[in-house]
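Coordinate analysis (summary)
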Amino acid sequence: MRKKLVAGNWKMHGNLKENEALLGALIAGLSEPENKASYAVCVPYPYLTLTQSKLRGSAIKWGAQNVSQYEKGAYTGEVSVSMLNDFGCEFVIVGHSERRMLYGESNKMVAEKYLAAQHAGLIPILCVGETLEQRDSGTTKQIIDEQLKAVISLAGVDSLADAVIAYEPVWAIGTGKTATPQQAQDIHHFIRLTIAQQNAEIASDLTILYGGSVKANNAAELFVMPDIDGGLIGGASLVAEDFIAICQAAN
Ligand code: 13P
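Scope of this entry: the structure provided in the associated data block. Throughout this description, residue numbers start from 1 for each chain and increase along the sequence as written. Only residues with pLDDT of at least 70 get local features here, since the model is predicted, and only at 80 or more are side-chain atom pairs given and counted; chain-wide, interface and lining totals rely on the full set of residues. By convention in this description, side-chain values take in all heavy atoms of the structure and omit both hydrogens and water.

1. Focus: the overall build of the chain
For clarity, the cut-off: The helix and strand labels rest on DSSP assignments: H or I over at least four residues marks a helix, E over at least two residues marks a strand, and numbering proceeds from the N terminus. Radius of gyration: C-alpha atoms only; globule rule: 2.2 Å multiplied by the number of residues to the exponent 0.38. Summary of the burial criterion: residues with accessible area below 20% of their type's maximum are buried, those above 50% are exposed, and those between are partly exposed, where the area comes from a 1.4 Å probe applied to protein chains only. Throughout, a residue-residue contact means that at least one pair of heavy atoms, one from each residue, lies within 4.5 Å. Computed by Shrake-Rupley with a 1.4 Å probe, the accessible areas treat only the displayed protein chains as cover when residues are assessed. The charge count treats Lys and Arg as positive and Asp and Glu as negative. His and the chain ends do not count. Taken as the charge location is NZ of Lys, CZ of Arg, CG of Asp or CD of Glu.
Scanning the chain from N- to C-terminus turns up 11 helices and 8 strands. The C-alpha radius of gyration computed for the chain amounts to 17 Å, which stays within 12% of the reference 18 Å derived for 251 residues, consistent with globular compactness. Projected onto its principal axes, the C-alpha coordinates of the chain cover approximately 45 × 45 × 35 Å. Residues counted as buried form 53% of the 251 residues belonging to the chain. Of all intrachain contacts in the chain linking residues separated by at least 6 positions in sequence, the fraction that spans at least 24 positions is 72%. A total accessible area of about 11,200 Å² is found for the chain, and carbon and sulfur atoms account for 53% of it. Here the chain contributes 20 positively and 27 negatively charged side chains, and the mean placements of these two sets differ by 1 Å.

This is the structure in structure tokens:
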């Protein structure tokens with residue numbers, strides 16, 4: 001049985017005061033010992049110290065939103081996997097569509113980041129998904145297949161035993177236009193089948209999250225679908241009561 005995971009992606013939001021309050025509210029709201037799902041927040045780098053000190057010993061795990069593919073060196077502005085280890089990160093998002101589109105991250109670069117994360121013992125949350133134009137032109141599955149294959153060819157299918165995939169249709173991110181549960185399920189199933197062609201056991205154990213305008217009022221209908229194992233939550237992860245409600249929907 002796969003365990004559900006709900007992860008917040010805070011993106012570039014908040015400040016010291018707001019983020020401290022948000023973490024405090026999440027700890028208070030997600031403390032019940034009967035939690036069946038796992039929870040995490042992926043915070044901006046400057047708040048990792050705060051996050052580690054607040055969340056240590058709580059039911060909530062933490063991580064970052066991006067990482068360098070390089071181990072160390074003259075890479076101004078970059079953050080390495082070992083730096084994320086220093087702050088107790090469990091997860092790191094790689095290949096978010098905002099990184100792919102705004103910062104030119106290619107499938108190859110995303111695969112390198114994924115591999116670097118795994119080498120350091122971090123769990124990569126690998127984002128895949130199509131744009132509206134790609135969906136309209138009928139190339140959704142081809143695009144996702146290419147995104148997956150880039151990672152599998154570099155890191156091997158077995159690497160997916162220690163990874164999470166997030167299907168995030170670009171047209172649903174921050175638009176309030178959620179994929180229907182069936183639309184999301186179809187692609188999640190496709191992702192699982194694609195991986196099952198290489199390793200059925202890894203495919204069946206793989207956690208596949210849905211991301212894109214998940215809110216407290218639509219989380220349950222998405223999470224009940226057979227191949228949807230939780231969510232990667234943007235906007236709604238910034239409001240404690242909304243994120244807690246989404247976490248509860250995963251239970
Ligand atoms: P929204 O939940 O704001 O649509 O963002 C989704 C997302 O990009 C999570 O990574």
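2. Observations concerning unusual backbone geometry
Located in the positive-phi region is lysine 11, a residue other than glycine, with phi close to 55 degrees. You can see lysine 11 is positioned in the loop between β1 (5-9) and α1 (16-29). Positive phi, normally seen in glycine, also occurs at serine 213, with a value near 55 degrees. Taking the relative accessible area as the measure of exposure, serine 213 reaches 8% and is therefore buried.

3. Things to note about α1
Applicable threshold: Helix span is expected to be 1.5 Å times the residue number reduced by one. It is the directions from the helix axis to the C-beta atoms that the arc portrays. Between N or O atoms, a polar contact is any pair within 3.5 Å; within protein, one atom must be a potential hydrogen donor and the other a potential acceptor, and residues adjacent in sequence are included only when both atoms are from side chains.
Compared with an ideal rise of 1.5 Å per residue, which puts 14 residues at 20 Å, α1 spans 20 Å between its outermost C-alpha atoms and is within 8% of the ideal. Listing the buried residues of α1 in full gives Asn19, Leu22, Leu23, Leu26 and Gly29. Angularly, the buried residues of α1 cover 135 degrees about the axis, an arc narrow enough to put them on a single face. Turned more than 90 degrees away from the buried face of α1 sit Leu16, Lys17 and Ala28, all of them exposed. If you follow the buried residues of α1, they end up packed against β2 (38-42), α2 (48-55), β3 (60-64) and α11 (240-249). The opening residue of α1, the one whose side-chain oxygen lies 3.1 Å from the backbone nitrogen of lysine 17, is asparagine 15.

4. Comments concerning helix α7 (residues 140-155)
Residues three or four positions apart in an α-helix share a direction because the helix packs 3.6 residues into each turn. For α7, with 16 residues, the first-to-last C-alpha span of 23 Å sits near the 22 Å given by 1.5 Å per residue. Among the residues making up α7, those that are buried are Thr140, Ile143, Ile144, Gln147, Leu148, Ala150, Val151 and Ile152. Check the buried side of α7 and you find it contacts α4 (97-102), α5 (107-119), β5 (123-128), α6 (132-136), β6 (164-167) and α8 (181-196).

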